[in-house]
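# Structural characterization, general
So you can see what is in the structure, the chains are spelled out below.
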Amino acid sequence: MNNLKAFFPYVRKYRREFLFGIVALIIADCMTLVVPWLIKEFIDILPQKPAVEQLLKYVLFLFLISLVLVVGRYGWRKYMFGLSRKIEFDILNDLFSHLLSLDRLWYQKQKTGDLMSRATNDLRAVREFFGLGILILIDAAFVIVMAVTMMIWINVELALKVFIPLPVVSILFFYFVKEIGKRHVAVQEHLSKITEHVQENLSGIRVLHAFVQEENEKNKFKKLNQEYIQKNLRVTQVFGVFTPTMVFAIGVASMISLWMGGRAVIANDITLGSFVAFNGYLMLLSWPMMGIGYVFNLTQKGLVGMTRVNEVFFAKPSIIDNGGDFTPTGKGDLKISGIRFKYPNELQDALKEINLTIPCGQTLGIVGVIGSGKTTLARLLLRFYDPVSGDIWIDGKSIQEIPLKGLRDYIGYVSQEPFLFSTSIRNNIALGRGNASDSEIEKNVEIAGMTSDLESFPDHLETMIGEKGVTLSGGQKQRIALARALFKKPSLLILDDSFSNLDSEMEEELLLKLKTHFKDTTKIIISHRLSTILNADNIIVMEDGSISEQGNHSQLVKSGGVYASLFRSQELAREMEIIL
Amino acid sequence: MLLNEDHRYKDWVLFKRVLVHLKPYSSLVALAILLLLAVSILNLAGPYLTKVVIDDHIKAGDMKGVDVIAGVYLSVLVFSFIFQFCQTYLMQVIGQKVMFDLRSKVFSHLHKMSFSYFDRNPIGRMITRVVNDVEVLNEMLTSGLILVFSDLFTLIGIFCVMFYLDWRLTLVVCVVFPFLVTATRMYRVRARDALRKNRIHVSELNSYLEENISGVDTVQCFNRETKNYEKFSSVNGERLKEDLRTVRYNAFYMPSIDFFSSLAIAMVFWYGGGRYVQDEIQLGILVAFIQYLQKFFEPIRDLAEKFNIIQTAMASSERIFELLDTPEQIPESVPSENDFKLQGDVEFKNVWFAYKDDRYILKDLSFSLKAGESLAIVGATGSGKSTIINALCQFYKIEKGDILFDGHSINDINKYDLRRQISLVQQDVFLFSGSILDNIRLGNQEMGQEEIESISQAVSSHNFISNLPFKYEQELNKGDISSGERQLLSFARAIAADPKILVLDEATSNVDLETERQIQNGIKEMTQGRTSIIIAHRLSTLMHVDKVLVLRKGEVVEFGKRKELLQQKGIFYQLCQSQIRLEQSKVEK
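How each quantity is defined
- Residues numbered from 1 in each chain as written.
- Chains lettered and ligands numbered in written order.
- Predicted model: local features only at pLDDT ≥ 70, side-chain atom pairs only at ≥ 80, totals over all residues.
- Pairing = 2+ DSSP bridges.
- Helix = DSSP H or I, 4+ residues; strand = E, 2+ residues; numbered from the N terminus.
- Contact = placed C-beta atoms within 7 Å.
- Domains from an automatic or database assignment.
- Axes fitted to C-alpha atoms, helices over the stretch in contact; angles between N-to-C directions.
- Parallel < 35°, antiparallel > 145°, perpendicular 65-115°, else oblique.
- Left-handed = near helix turned anticlockwise from the far one by under 90°.
- Nonpolar A, V, L, I, M, F, W, Y, C, P; charged D, E, K, R; others polar.
- Core = buried A, V, L, I, M, F, W, Y, C linked by C-beta atoms within 7 Å.
- Buried ≥ 20, exposed ≤ 12 C-beta atoms within 10 Å, placed from the backbone.
- Arc of directions from axis to C-beta.

## Observations concerning the sheet that holds strand β2 (residues 351–358) of chain A
Residue and element names in this part refer to chain A. Ordered in space as β2-β1-β4-β5, the four strands form an open sheet in which the pairing is antiparallel. The open sheet has two edge strands, β2 and β5 (397–398), and neither has a second partner. In the sheet, strand β4 (residues 389–394) pairs with β5 via two bridges, with the strands oriented antiparallel. Looking at β5, one finds that I394 is bridged to K397.

Structure, rendered in structure tokens:
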């Protein structure tokens, strides 16, 4: 119920349209109900050999009713369906905006595909509930009540006889809908199994092909697929009985109406016209009978959809923006004191008691094996996570008290696999700020060493990236991401293994340019390749979430610890880069 | 996007291609259509029986006759029930079978693609093809197509019955048809346009949404929340516009059908009523006419509702066929041989290779290895080391030159035969869900547990596996085993395939010292008696190989026996010198 309540404001916004829609619907329904009565009058008058004018009166009357009917139907379609589309539009907008406000901890628990299906399929179910669902419910309820009333009014006894098979319809409906729902869940679950299989197959396709597993995988897939069909057919078994049963039950009702009605006419209990009208009302009933079940179905789907959409809406970011108007100047030091951090669902701390000071304008190098906590540290600086204990100070202010916007303007972060948007290269670089002059962009492109690459692209800066445009190499992506970060003019630049796809010549060139053009910028460089951080003012070695060694390059080599052995094992690679 | 979305395939071409997939089941389809026809005809019985009751029995006051007709009606209903059940079930069976075929076909076709295809296409998109698009197509086959048939039958059936009952009245009723046709045409043209535009907006909207979800870190890092929201909202608005346009068209068209229906009934009132007065027509016929006319417009309304489904299905089938029409880049040139075995001689002869256009990554590369020899490839980032592996396994096609195995050209060897003889160990180890056992015997499914254990022992992976709670039956989850252990596991996997040629991309610095030592041991064990090609990142590796290839920007700088290269005092010599220097400095300390 809470789930439903969350959507009321969206409906309330369009309550006028909602009201119009309902009124139009009722008008249309009334007109529909008048038609059989009109036919009754017509048939009853025929044996009295009416004059042409009298017939024309009926024609005219029918014509008028149709006109009102058309207007009514037009009205409810326009207002009710339009309303549901508008509600969907509003919800989707809010959903998007809310998604952008959620933090990494939340996203780590989600799958993109699942979020997408919430925003598309589930939202569609919600829309259909508010449009179609409510519509059919009102329509069906109104028509059933009215038609049944009319039928009873024509002849109580006949009506009671005809209604005998109808409760069966409703009972069957509830049973079927439940059963179909249950079996449908099995189908859905199996489909996600298939999706997972395909996903894994495609992710590991290079290994599979190297081990010539194509046939095996095809067979496995076939088996999964076969099972899927079985499950689908189990739905069909119920469904196949369901629709014909509905038709049958209603058919039996009209058979009884024909049979008993026919006898009643002969016995002079009702007129022929009433007999025809009775049949007409029965025909009007057949759709709402099914409609009720459809509503049940739509409601079920709609409620599931609402729950799933609400799971997103109810998620709260754990990173709280405390606002304020403090803007870090970039003149002070960066101080990390006693930071501890643990990922949820993990037993071990990812970071244990990190203490570190990076003086303004200096460069810190970080090395360590995968999983030692380097990237986690960088993400704490960006406040993608908040530490369990300890704090980070910028310009003497705790980052908890710096507005998020200010903090993120302060830091330029380049990750190993940067995310570029499928828009032009220019838009990607100017991501951080709206007003970008060409010369400014070109300057950063130059520093990032992309100038000659850009010249080889068809539209230079305007070249589109991704599906619609060029495919970039890993190195090109990393350099565009660098240009993008530099364009922000950050006071703190974090390079998280962001040169891994560049050769050492290019890397050296970039490091040199960074040094001359961004002299005053504090830099944190995380790298697997030691040559990248050789000249850093301070280097830390991270192991299992804590700092195991600290010092500059020569100190660390001399001390003969992890850094020294790492340095030695990279000797060949380094020499190759130098000599070759 | 707009262009290739619009006119790559024509609708009827697509439709025909979908229908082709029904061919294997043509007799079932024929039966289903026959049943459909029967159901449609039986469903027409109601009004006709009403006519008979009114004209033949009520008029004559014949109660018995009414009872008989009721009995006939009941049996019609029973048959209709049976036929409809059979038809629904049969159609689902057919739809499921077609979906099965199509899905297997798409999946198989994906497996035929070479690596360059996977480089270009994001995984998410390929999954959508295999899973969702096929699903939509099934919906079109089972509900869409069949309903079109049944609606058509109903329409024709009603028309015929009406014509039989009274052809004059039928012709008069036909007056509304031109209006109906005109309205339908106007609706179709506009609705299709709106739906197409809508589809483009929806796909744009979805890809923007997906992009923002995947790149949410970047969005937040660059404070783009407000700007991206504005863009999303404007695309969403565009979609809403087209949505409302569709709603409006429907809101006009659907009631117009009701209007025409009433108009037709008015015709019956006027013309039919007039003729009844003149005793030219019976009352029952008028009643039946009115009832038929009410049924007549249902299928038309139905068809319009189905229009949307069919349009969506068209888009899906278009994407599926686009994938199926992507040619296989490396076709199987020669049939597979049953007992194909390599000795292990490998020769690269003036090989040229480019991933794109004429930006050559390998330039005139030549080298040769005798069976059982080991080769270390050294070179800087981007010098083409991994490309050599890709060409060797025929993951990509080489432009010029040739690669010879035991003196046979790579083009004369079946690519699957070839890959069975080569094991590849990569830096980033990809493990599949399933047990450790399954992962090790990936290339050789029949291998027994004992054999696997002995292989694991040889490559030093047995130890850590024995320490896992379920040992070899352990299901692999993320984070269970370290990256070094994953590497060792991939060694076992490579050896279990019993290759003649071993290709190894040495892992860089991601492991601790102890694991590194184990890995080195493993490598030594693996290369025994096999032709092996190692992309070397560690000096220690260089000390164990027979031959060395020094690569610079896709060209061979030095190639030869390790010992000879050392004597030549070239680049390789320099590389080794620095190692010796380092060792000395350690000793001095």
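Next, the rest of the story.
## Structural notes on the interface of chain B and chain A
In this complex, chain B contributes 129 residues to the contact, which on the side of chain A involves 121 residues. Top element by residues in the side of chain B that touches chain A is helix α11 (residues 225–277) of chain B. It accounts for 29 residues.

## Topic: the domain arrangement of chain A
Domain parsing of chain A yields domain 1 (1–155 + 297–318), domain 2 (156–269) and domain 3 (334–419 + 490–579). One C-alpha centre belongs to domain 2 of chain A, the other to domain 3 of chain A; they are set 58 Å apart.

## What about the sheet that holds strand β9 (residues 547–552) of chain B?
Residue and element names in this part refer to chain B. The strand order β6-β7-β8-β3-β9-β10 describes an open sheet built from six strands, whose pairing is mixed. Strand pairing shows two members of the sheet lacking a second neighbour, β6 (422–425) and β10 (555–561), which therefore form its edges. Adjacent strand axes in the sheet meet at a mean angle of 15°, parallel and antiparallel pairs treated alike. As paired elements, β9 and β10 share six bridges and run antiparallel to each other. Within β10, the position partnered with V548 by the bridge is G560. Strands β3 (374–379), β6, β7 (501–505), β8 (531–535) and β9 of the sheet are contacted by helix α13 (residues 385–392), whose axis makes an angle of about 150° with β7.

## Concerning the packing of helix α7 (residues 123–165) of chain B against helix α12 (residues 283–324) of chain B
All names here are of chain B. Where α7 meets α12, the closest approach of the two axes is 7 Å, and the angle between their N-to-C directions is 155°. Put simply, α7 runs roughly antiparallel to α12. Note on packing geometry: the crossing formed by α7 with α12 is left-handed. The residue inventory of the contact of α7 with α12, partitioned by class, reads 23 nonpolar, six polar and eight charged.

## Examining the nonpolar core
Of all hydrophobic cores here, the largest spans 308 residues; its most connected members are V268, F289 and I377 of chain B. The residues contacting I377 of chain B, other than those within four sequence positions of it, are K385, I388, I533, I535, A536, L549 and L551 of chain B.

## Side note on the environment of V235 of chain A
Residue and element names in this part refer to chain A. Along the chain, V235 turns up in helix α10 (residues 214–266). Separated by 48 residues in the primary sequence, V235 and V187 place their C-alpha atoms 8.3 Å from one another. For V235, the residues in contact, after removing those within four places along its chain, are I180, R183, H184 and V187.

## Looking at the packing of helix α5 (residues 63–112) of chain B against α12 of chain B
Residue and element names in this part refer to chain B. Following both chains from N to C, one finds α5 and α12 inclined at 40°, their axes separated by 9 Å at the closest point. Judged by the inter-axis angle, α5 sits oblique to α12. For the crossing formed where α5 meets α12, the hand is left-handed. On α12, the residues that touch L102, K105, V106 and H109 of α5 are I320, L323 and L324. Here the residues of the contact of α5 with α12 are counted per class, giving five nonpolar, one polar and one charged.

## So, unusual backbone geometry
Not every positive phi belongs to a glycine, and D395 of chain A is a case in point at roughly 50°. Structurally, D395 of chain A is set in the loop between β4 and β5. Given 18 C-beta atoms within 10 Å, D395 of chain A falls into the partly exposed group. Within the chain, N223 of chain B stands out as a residue other than glycine whose phi angle is a positive 50°. By the element assignment, N223 of chain B lies in the loop between α10 (216–221) and α11. Among the residues examined, N223 of chain B registers 18 C-beta atoms within 10 Å and is labelled partly exposed.

## Some points on the pairing of β7 of chain B
All names here are of chain B. Of all five residues that make up β7, four are buried, and the element is covered over most of its length. Both β6 and β7 contribute to a ladder of four bridges, which runs parallel. Bridged to S423 within β7 is L502. The sheet contact formed by β7 and β8 spans five bridges and is parallel. Paired with L504 across the strands is I534, a residue of β8.

## A word on the environment of Q518 of chain B
Here Q518 of chain B is to be found in helix α19 (residues 513–527). Overall, the presence of 21 C-beta atoms within 10 Å leaves Q518 of chain B in the buried class.

## Brief notes about helix α16 (residues 449–458) of chain B
Residue and element names in this part refer to chain B. Among all positions of α16, only I452, I455 and S456 are buried. Buried residues in α16, looked at end-on, bunch into an arc of 100°, giving them a common side. Seen from the open side of α16, the exposed residues pointing more than 90 degrees away from its buried face are E450 and S454. Elements in contact with the buried residues of α16: α15 (436–440), α17 (462–466) and α18 (483–496). Immediately downstream of α16, the backbone of S460 shows phi near 60°, a positive value.

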